[in-house]
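Coordinates in review
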Amino acid sequence: MATAKIRDEKNNFEINYFIDDRLKKNLDNKVIPALQKQDKDYVICVDGREGSGKTTFALQIGKYVDKSLNLNRVVYSPEDFREAILRAKKGQCIVYDEAFTGFSSRSSLSPVNRILVSLSMQMRQKNLFVIIVLPTIFLLDKYMAMFRTRGLFHIFESKGNRGYFKFYNSRIKKYLILTGQKTMSYNHKKIRTHFLGRFYGKFALGDEKVKKAYLNKKMKALADSEKTSMT
């Protein structure tokens, strides 16, 4: 395990947390160069059961890649996601948390979902690092799941302990979606993850005050979503 030492100059704080060695190597050698040197965007998916720690993990890798990541770019609705992309500067990270509503394959023909797919051009032009957090990749719109996301981090528990992930690269992810769609299963004899790793439950965006603000924002977003029509 390596230690990520993040210094956020704008908000004047430093935070340290453990990061898996192989994960760090991939972020350093693939994700960051793609954003900074290759003029590309990088879209990944983080999925897992409720309470598995997927948001904690997403914020950790998001903050590692983009030290300026803050609560303003952690969003919960298609409208906020659209605004975050339009406002974002080159190379920044956006975390779309609990993204089931906007990217659900069940609503893939809706005007909202068509708008979200159309934002792919903006993501590329601004070289954005976009993390989509949702219960399972099998519920993601197929275009986004198979062709726009470059990898999948599946968060899971082992023997009742949280903090484990499996990484599927783009090729393996496509095969997983094609073979596991009917059963929504990640367990197939012919599918091997690219690598496995561990993470720990450190909140990466700031101190307890920031964490409380994050929890309040999330609770409000979930409450608002229940008032919104799904049609």
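What counts and how
Residues numbered from 1 in each chain as written. Predicted model: local features only at pLDDT ≥ 70, side-chain atom pairs only at ≥ 80, totals over all residues. Heavy atoms only, no water. Core = buried A, V, L, I, M, F, W, Y, C linked by side-chain atoms within 4.5 Å. Buried < 20%, exposed > 50% of the residue type's maximum accessible area, 1.4 Å probe, protein only. Contact = heavy atoms within 4.5 Å. Helix = DSSP H or I, 4+ residues; strand = E, 2+ residues; numbered from the N terminus. pLDDT = per-residue confidence, 0-100. Pairing = 2+ DSSP bridges. Axes fitted to C-alpha atoms, helices over the stretch in contact; angles between N-to-C directions. Parallel < 35°, antiparallel > 145°, perpendicular 65-115°, else oblique. Left-handed = near helix turned anticlockwise from the far one by under 90°. Arc of directions from axis to C-beta. Polar contact = N/O pair within 3.5 Å; in protein donor to acceptor, adjacent residues only side chain to side chain.

1. Some points on the nonpolar core
Taken as a class, soluble globular proteins show a tendency for nonpolar side chains to be buried jointly. Residues L23, F57, V95, F129, I131 and F153 are the most contacted members of the largest nonpolar core, which totals 41 residues. When residues no more than four places from it in sequence are discounted, the contact partners of F129 are V31, L35, Y42, I44, I61, G62, V65, Q92, C93 and I94. V43, F138, L140 and I172 belong to the second-largest nonpolar core, a separate cluster that totals 28 residues.

2. Focus on the environment of K166
Relative to the helices and strands, K166 resides in strand β8 (residues 161-169). Classification of K166 as buried rests on a relative accessible area of 19%. Considered as a pair, K166 and I155 are 11 residues apart in the sequence and their alpha carbons are 6.6 Å apart. Residues within four places of K166 in sequence aside, it is in contact with L152, F153, H154, F156, N187, T193, F195 and L196.

3. Quick word on the confidence of the model for the chain
Atom-level detail of predicted coordinates should not be read off regions where pLDDT is low. Across the chain, the average pLDDT comes to 83, with 88% of residues at 70 or higher. Mean pLDDT values for the elements of the chain range from 52 in helix α4 (residues 100-103) up to 96 in helix α2 (residues 54-65).

4. Considering the sheet that holds strand β9 (residues 195-198)
The sheet built from 7 strands is open, its strands ordered β4-β5-β6-β3-β7-β8-β9 with mixed pairing. Each of the sheet's edge strands pairs with one partner strand only, and the pair in question is β4 (74-75) and β9. Here 4 bridges tie strand β5 (residues 93-96) to strand β6 (residues 129-134), and the two strands are oriented parallel to one another. When the sheet's bridge partners are listed, I94 is paired in β6 with V130. Where helix α1 (residues 21-36) meets the sheet, its contacts fall on β3 (42-48), β6, β7 (151-158), β8 and β9, and the angle it forms with β3 comes to roughly 145°.

5. Remarks on the packing of α1 against α2
Taken N-terminus to C-terminus, the directions of α1 and α2 make an angle of 55°; their axes are 10 Å apart at the nearest point. The angle between the axes of α1 and α2 places the two elements in the oblique class. In terms of crossing hand, the pair formed by α1 and α2 is right-handed. On α2, the residues that touch L23, K24, L27, D28, V31, I32 and L35 of α1 are F57, I61, Y64 and V65.

6. With respect to helix α8 (residues 170-180)
Listing the buried residues of α8 in full gives I172, K173, L176, I177 and G180. Each buried residue of α8 lies within a common arc of 140° when the element is viewed along its axis, so the set occupies one face. Opposite the packed face of α8, turned more than 90 degrees from it, sit the exposed residues R171 and L178. Tucked into the core, α8 has its buried residues touching α7 (142-148), β7 and β8.

7. Focus: the pairing of β8
In terms of strand pairing, β7 meets β8 through 7 bridges, oriented antiparallel. Note that in β8 the partner of S158 across the bridge is N161. Connecting β7 to the next strand, β8, in antiparallel fashion are 2 residues, including K159 with a positive phi near 55°. Where β8 lies against β9, 4 bridges are found, and the strand directions are antiparallel. Looking across to β9, one finds that F167 is bridged to F195.

8. Describing the side chain of R148
In this structure, R148 sits in helix α7. At 2.5 Å, the side chain of R148 and the side chain of D41 are in polar contact. Once residues within four sequence positions are removed from consideration, R148 is found in contact with D41, V43, S120, M123, R124 and Y143.

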